[in-house]
Amino acid sequence: MAVIEADNFEIEIRDVTWRLIPAGPEVLSRIPVFEVTRGNGVLEYTPGFAEEHGLPGTVLSVEFVQAVVLGYDAKTQRWLLGFHLARQRDDKPRWLELVRWPTGPNTVHAAPAQHAARALAEYVGCPLKIFGAKKLPAATPPAPGRSGATGPLGPHQREEIDLERVRIRAQSLKLPVQYPGVWLGAGRGSVTLRVARDRAAGRRGEEVPAFVQCVVDTERGLIRLQPPSGLLTGFFGNRRGREIRTAEVRNVELRHTIVHEHTAQPAGRNLATEITYIYYTWGVYLTLADESLLLVQTSHRTSSELQRKRATIGDKFAVDSKAGLEYLRQHQEDQEAYERAETCAHTVAIALANALNVHVVKTQIDDSETA
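Everything numeric here is computed off the predicted structure, so don't read it as measured data. (Residues numbered from 1 in each chain as written. Predicted model: local features only at pLDDT ≥ 70, side-chain atom pairs only at ≥ 80, totals over all residues. Heavy atoms only, no water.)

Student: Give a description of the overall build of the protein chain that names residues and reports values.
Tutor: For the protein chain, the count of helices and strands is 7 helices and 21 strands. Burial status across the protein chain gives 45% buried among its 371 residues. Restricting to contacts in the protein chain with at least 6 residues of sequence separation, those with at least 24 account for 55%. Surface summary for the protein chain: the accessible area is close to 20,200 Å², and the carbon and sulfur share equals 49%. (Helix = DSSP H or I, 4+ residues; strand = E, 2+ residues; numbered from the N terminus. Buried < 20%, exposed > 50% of the residue type's maximum accessible area, 1.4 Å probe, protein only. Contact = heavy atoms within 4.5 Å. Areas by Shrake-Rupley, 256 points an atom, 1.4 Å probe, with all protein chains shown as cover.)

Here is the structure:
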């Protein structure tokens, strides 16, 4: 859960709800005056909030929301968050201010305002538009893990899967397993992992596995690592194989990293639509005494354009429309691709941990939680 302080309000963001709660020394009630539940299809609010903002009743369909709008008003020096409302998509939208932040320079409340706006757009299921700032100040993403460190650098979530549960989960694995650039199989007394070399990622400076094959020989208690082969490698001899005793491995780490990249596209005078690209990466590491050794990495990329579309009755993405069916197809394909990448990394982690007789440590780094 995240709690964001604004002017006279607190914004409470949970896994499925976005709430606006009165705050301050004179506030007697902590009852939310405005609430959105992800996928519910309506905005809920109190009668007092409705009267103050000129809204009907206490419930409004999200189909009236054309966009969530976030901006910095240079005159008042405040960040403002609200909606563009309209009965029809072709109607001129009406501005409804939802909440504002205290006065200050553009950068002071930028990060919490962005966090609140992005979550609200996702829960409502609509575009996020920005005004008054050509480019929103960017939050600093967490530092990526490096093979020379024994675990992720920076704040992260951690969960341990003990050896008993590793063994139980390993019983349900069906090997061999194949994924683009990854092959995992088991033989008599050994487990073999083969990984294709990712030259493009290496050129971009990203962390990539240093070895293309890992063989866990359970009978000899050895891990044999083979580097990429090639003419230059053989000539200069600077990429050597490596052997590690299985007793040196403390655990297998399954590291999940989530990075958000925000871009703005012009959408009219002094207005832009923000698109968020989300990069999911799963890395499987051997944790040694003074080193975390990356063995395999899978990834998935998606965008807010897909996540913020909605399929509700009366909307152009209604499930019985051509556009709605296409949306559902794209959403299903995106979800399946995510699950394939996650399942492959999870399978590798469990299979290796079971062969090495160690536990699995699951860690997650999400840059949105450090914003």
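Student: Account for the sheet that holds strand β4 (residues 34-37), with residues named and values stated.
Tutor: Across a sheet, strands are paired by hydrogen bonds formed along the backbone, either parallel or antiparallel in direction. Pairing within the open sheet is antiparallel, and its 6 strands lie in the order β1-β2-β3-β4-β5-β6. Edge positions in the sheet fall to β1 (2-5) and β6 (59-61), since each has one partner strand and no second. For this sheet, the mean inter-axis angle between neighbouring strands, taken without regard to orientation, is 20°. The sheet contact formed by β4 and strand β5 (residues 42-45) spans 3 bridges and is antiparallel. For valine 36, the partnering residue across the bridge sits in β5 and is leucine 43. (Pairing = 2+ DSSP bridges. Axes fitted to C-alpha atoms, helices over the stretch in contact; angles between N-to-C directions.)

Student: Residues and numbers for the pattern of salt bridges, please.
Tutor: Taken as a whole and judged by the stated rule, the model has 15 salt bridges. Here aspartate 217 ties to arginine 224 by a salt bridge, and the two come within 3.4 Å at their closest N and O atoms. Given a relative accessible area of 31%, arginine 224 falls into the partly exposed group. When salt bridges with common partners are traced through the structure, they connect Glu12, Arg14, Arg19 and Glu35 into a single cluster. (Salt bridge = Lys/Arg side-chain N within 4 Å of Asp/Glu carboxyl O.)

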